[in-house]
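# Secondary and tertiary structure notes
As a plain string of letters, each chain reads:
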Amino acid sequence: MTDIAPALPADAAPLPGGSSMPLLGFGTWQITGEDAVRATAAALEAGYRHLDTATVYGNEAEVGRALADSGVARDHVFITTKCPPNRAGRERETLEQSLEALRTDHVDLWLIHWPGDGAVNSDIWRAFVEARDAGLAREIGVSNFDVALLDEVTGATDVVPAVNQIEWSPFLFDSATLDAHRERGIVLEGYSALRGGTLDDPAIGALAERLGRTPAQVIIRWHLQHGVVVIPKSVHADRIRSNADVAGFSLSDGDMAAIDALRR
Ligand SMILES: NC(=O)c1ccc[n+]([C@@H]2O[C@H](COP(=O)([O-])OP(=O)(O)OC[C@H]3O[C@@H](n4cnc5c(N)ncnc54)[C@H](OP(=O)(O)O)[C@@H]3O)[C@@H](O)[C@H]2O)c1
């Protein structure tokens, strides 16, 4: 494969360490074994330059293999992985295992996968700051944190998480949450964009039909226009391609407001 990516949306979020996070990435949860190699390869072929994995997904080695075999330069791909909180005290070892599996000397973003109990989050966050300072992770962030927890880890270290990856979709839209992240300079990254029934929602369906697009494309486009990172997952190459084909249309302010209003 050449390293010339097909036209994906160029939207990206600047991160505090100076890097830039493509707003559209490829999610790999529940894809393992050869399926993970095939799906990641298909995503890279389709032009995705942002991959989302995690220690607990059990597919970092497959993601790393697909990237190594793709011919796409490591520097052209933004890689996120995540550390589960039960690795508290063994964060560095966990990251080193991720790096080995992914065949890289650093990740672009390392996240605390979900909050641990009590004060452990600040301890983990201190270890994350050390790993970042050692160059093993360009940027560090969290996942599944509420605003109070974001402030707690920030207060413990004076280091603000670059990103918070949380569940986000039209049914979960909440402008107060979006604003709270913006005010803190934290990039909101959404996950499970296509779950929860939104693909079958009649309003999304009607909008997609009017625009000559798929419901998934409308939902992905809605994320991009909100400046929210979106990481759709699929094991099907045609869906992987189609989910990335969202640069050639836009949603009007009215369309955006109508999707925002689907919040339940
Ligand atoms: N931090 C966390 O705690 C957390 C939690 C959940 C997810 N995530 C991350 O977020 C990523 C995305 O979330 P997700 O895996 O829950 O799934 P998702 O992106 O919301 O997709 C849900 C399902 O939709 C199907 N799909 C994809 N494209 C489609 C299309 N164009 N038309 C119809 N159906 C389509 C896929 O099935 P097929 O594969 O059969 O196409 C997929 O299983 C994950 O892969 C993971 O990287 C993070």
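Refer to the preceding data block for the structure.
A brief look at the structure comes next. (Residues numbered from 1 in each chain as written. Predicted model: local features only at pLDDT ≥ 70, side-chain atom pairs only at ≥ 80, totals over all residues. Heavy atoms only, no water.)

Residues in close proximity to the ligand total 25 residues, the closest being Asp52, Ser192, Arg195, Ser234 and Arg239. Between Leu194 and the ligand, the recorded distance is 2.8 Å, taken from a backbone N or O atom to an oxygen atom. At 2.9 Å, a backbone N or O of Val235 approaches an oxygen atom of the ligand. Compared with its free state, where it exposes 900 Å², the ligand has 86% of that area covered by protein. Broken down by class, the residue content of the shell around the ligand amounts to 10 nonpolar, 10 polar and five charged. (Near = heavy atom within 4 Å. Polar contact = N/O pair within 3.5 Å; in protein donor to acceptor, adjacent residues only side chain to side chain. Areas by Shrake-Rupley, 256 points an atom, 1.4 Å probe, with all protein chains shown as cover. Nonpolar A, V, L, I, M, F, W, Y, C, P; charged D, E, K, R; others polar.)

So, about the sheet that holds strand 3 (residues 26-27). Strand order in the open sheet made by the eight strands is 3-4-5-6-7-8-9-10, with parallel pairing throughout. A single partner strand is all that each edge strand has here, and the edge strands are strand 3 and strand 10 (229-230). Alignment of strand 4 (residues 50-52) against strand 5 (residues 78-83), held across three bridges, turns out to be parallel. By the bridge assignment for strand 5, Asp52 is matched with Thr80. (Pairing = 2+ DSSP bridges. Helix = DSSP H or I, 4+ residues; strand = E, 2+ residues; numbered from the N terminus.)

By secondary structure assignment, the location of Ala61 is in helix 2 (residues 60-70). Note on Ala61: relative accessible area 38%, which makes it partly exposed. It is 24 Å that separates the C-alpha atoms of Ala61 and Asp238, two residues lying 177 residues apart in sequence. (Buried < 20%, exposed > 50% of the residue type's maximum accessible area, 1.4 Å probe, protein only.)

This brings us to helix 6 (residues 175-184). Owing to its 3.6 residues per turn, the α-helix aligns residues three or four sequence positions apart on the same side. Every buried residue of helix 6 is listed here: Leu178, Ala180 and His181. Taken end-on, helix 6 shows its buried residues confined to a sector of 160°, consistent with a single buried face. Opposite the buried face of helix 6, by more than 90 degrees, sit the exposed residues Ala176 and Glu183. Contact partners of the buried residues in helix 6: helix 5 (147-157), strand 8 (163-167), strand 9 (187-191) and helix 8 (215-226). Gly185 sits one or two positions beyond helix 6 and adopts a positive phi of about 75°. (Arc of directions from axis to C-beta. Contact = heavy atoms within 4.5 Å.)

What follows deals with the packing of aromatic side chains. The geometry of an aromatic ring pair is captured by two quantities: the separation of the ring centres and the angle between the planes. What the rule picks out here adds up to five aromatic pairs. Ring geometry for Trp110 versus Phe128: centroids 3.7 Å apart, planes at 5°, classification stacked. Remark: Phe128 occurs in helix 4 (residues 120-133) and Trp110 occurs in strand 6 (residues 107-112); sequence separation between them is 18 residues. Across the pair, Phe128 and Trp110 agree in class, each one buried. With a centroid separation of 5.9 Å and 70° between ring planes, the pair formed by Trp168 and Phe173 is classed as edge-to-face. (Phe/Tyr/Trp six-rings, centres within 6.5 Å; stacked < 30°, edge-to-face > 60°.)

Of all hydrophobic cores here, the largest spans 78 residues; its most connected members are Leu24, Tyr48, Trp110 and Trp125. Leave out the neighbours within four places in its chain, and Leu24 touches Leu8, Pro9, Tyr48, His50, Ile220, Leu224, Val230, Pro232, Asn243, Ala244 and Val246. (Core = buried A, V, L, I, M, F, W, Y, C linked by side-chain atoms within 4.5 Å.)

Viewed as axis vectors pointing N to C, helix 1 (residues 33-46) and helix 2 meet at an angle of 40°, and their least axial separation amounts to 8 Å. By the angle class used here, helix 1 and helix 2 are oblique. For the element pair helix 1 and helix 2, the recorded crossing hand is right-handed. Judged by residue contacts, Gly33, Glu34, Ala36, Val37, Thr40, Ala41 and Leu44 of helix 1 engage Glu62, Val63, Arg65, Ala66, Leu67 and Ser70 from helix 2. Tallied by class, the residues present in the contact of helix 1 with helix 2 amount to seven nonpolar, three polar and three charged. (Axes fitted to C-alpha atoms, helices over the stretch in contact; angles between N-to-C directions. Parallel < 35°, antiparallel > 145°, perpendicular 65-115°, else oblique. Left-handed = near helix turned anticlockwise from the far one by under 90°.)

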